[in-house]
Amino acid sequence: MSLRSYISDILEQVYILPANAWVYGSGVVLLLFLGWHLIHPISRRRRRPEDQNITIDRVMVHPIKSCMACDVQEAKYDRGGFDLDRKWMVYDVEKKKQVSARDNRGIKLVQVKTTIVRDSNSPSGGVLRISFPADPSCEDFDIHLYPTLPQKESFEVIKDISLFNWSLSGWVVPSATPTKSGRTPSEIFTAYLGREVRLVLRSQHSEKSIAFFKDVPKESALVNSFADVSQGMLISNTSLNECSRIAGGPPLAIERYRPNLFVRGVDTAFGEDDWLEIEIGPARFPFHVPNRTPRCMFPSVDPETGKRDGIFPHRSLLKTRRVDKMNPNRYCLGVYLVPRGEGIVRVGDKIRVIKSWNNPILTHDLKSHGEAEKNLVALADA
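Residues numbered from 1 in each chain as written. Predicted model: local features only at pLDDT ≥ 70, side-chain atom pairs only at ≥ 80, totals over all residues. Heavy atoms only, no water.

For this particular structure, what's the right way to read the side chain of Arg105?
For Arg105, the location among the structural elements is in the loop between strand S6 (97-98) and strand S7 (113-118). The exposure class of Arg105 is buried, given its relative accessible area of 15%. For Arg105, the side chain forms a polar contact with the main-chain oxygen of Gln98, separated by 3.2 Å. With near-sequence residues (within four places) excluded, Arg105 lies in contact with Asp92, Lys95, Lys97, Gln98, Val99, Leu193 and Arg195. (Helix = DSSP H or I, 4+ residues; strand = E, 2+ residues; numbered from the N terminus. Buried < 20%, exposed > 50% of the residue type's maximum accessible area, 1.4 Å probe, protein only. Polar contact = N/O pair within 3.5 Å; in protein donor to acceptor, adjacent residues only side chain to side chain. Contact = heavy atoms within 4.5 Å.)

Whenever I open this one, unusual backbone geometry confuses me. Can you help?
For residues that are not glycine, phi is negative in most cases, and the peptide bond is trans in most cases. Each neighbour pair has its own omega, and for Phe312 with Pro313 the value is 0 degrees, a cis peptide bond. Following the sequence through the fold, Pro313 ends up in the loop between strand S17 (292-294) and helix H6 (314-320). At Arg284, a position not held by glycine, the phi torsion is positive, near 55 degrees. Summarising the element assignment, Arg284 is placed in the loop between strand S15 (275-280) and strand S16 (285-288).

Help me understand the pairing of strand S11 (residues 166-172), please; the structure alone is not making it clear to me.
Each regular strand shows side chains that alternate between the opposite faces of the sheet. By the criterion of burial, S11 is predominantly enclosed, with six of the seven residues buried. As paired strands, strand S10 (residues 156-163) and S11 are joined by six bridges and run antiparallel to one another. Within S11, the position partnered with Val157 by the bridge is Trp171. Of the pairings in the sheet, the one linking S11 to strand S12 (residues 197-202) comprises three bridges and is antiparallel in character. Bridging from a neighbouring strand, Gly170 pairs with Arg202 of S12. (Pairing = 2+ DSSP bridges.)

Is there a simple way to think about the pairing of strand S8 (residues 126-131) in this case?
Among the six residues of S8, five are classified as buried, and the element is accordingly described as predominantly covered. Two elements, S7 and S8, share six bridges in a ladder whose sense is antiparallel. From the neighbouring strand, Lys113 faces S8, where its bridge partner is Ser131. Note: S8 against strand S9 (residues 141-144), four bridges, orientation antiparallel. In the sheet register, Arg129 faces S9, and the bridge partner there is Asp142.

Encoded structure:
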């Protein structure tokens with residue numbers, strides 16, 4: 001049977017068109033096919049939002065994981081991550097893993113201040129100054145920004161540091177100059193937190209790969225920091241403002257979410273969700289955008305007071321921003337960044353979206369939402 005006869009038979013059976021109007025029937029089939037592709041999320045139609053004037057408003061690095069951010073005018077980066085971002089971490093000796101402000105063991109870390117003091121005449125490039133504004137009994141101290149190889153050879157090495165699914169290693173760092181009390185940085189942090197800890201610098205004795213992200217090249221998959229997942233993170237002010245509106249409380253400070261790049265000019269809230277590849281600055285430095293950023297309990301800690309705001313803003317945002325299939329019980333804000341090389345990003349740099357798609361949104365039912373809230377309450381009590 002010819003295609004023409006087959007279509008005519010179908011149209012006769014469903015009484016849509018006369019049998020001799022096969023051309024019109026074919027047109028209907030074509031329209032249905034095109035309409036499906038227009039509305040179906042899996043089609044992920046590519047687009048380039050060229051008209052948006054997106055610029056970097058703030059560049060932020062977080063030298064010690066969970067501690068205060070440092071605003072900088074520019075930051076170097078390579079395939080492993082941003083310079084000085086999450087290079088140090090407070091290690092729990094008993095639990096053999098990170099101490100994080102996402103739970104009560106490390107909530108006081110959000111009020112530890114770090115200041116980058118560069119010195120071109122110093123072999124280690126300067127110092128990172130650590131201070132404790134919330135606890136004057138803890139003395140300030142300095143550590144080397146970029147310890148030299150001879151210095152590192154004298155450092156104690158801790159292996160098998162648990163960071164989620166990775167097992168990493170780090171050097172226990174001494175102070176750059178003797179402290180007034182003679183205590184080490186680790187002893188000062190131990191007194192501050194009330195549990196035995198070590199201040200460690202990320203070493204290269206172990207690898208952390210994010211090759212599980214689709215389309216991330218193998219050469220860009222190694223993360224050279226204590227970051228939870230990717231080498232960097234970006235959030236737009238449009239998305240942050242919308243989260244503040246949804247949450248219904250006081251405006252959310254960007255410090256709760258700890259991105260590296262805070263940008264302005266994205267036309268719609270969560271517009272960065274759709275990005276796949278971007279270029280930054282006049283040199284057009286390329287970055288992959290592999291995934292949205294799912295959120296843990298860390299943003300519930302007020303960076304000003306160092307106290308947890310119960311389950312604010314999580315409860316409200318779980319209702320509308322649980323959009324990622326890999327993390328169905330967490331809400332998302334911002335996107336991960338993966339550098340495709342090395343370069344410098346600066347405040348005021350323009351961002352060009354090179355490739356994007358309509359990122360599908362995960363739908364969820366009341367049952368799964370209830371399970372998410374149950375998990376949320378359990379985390380808030382941790």
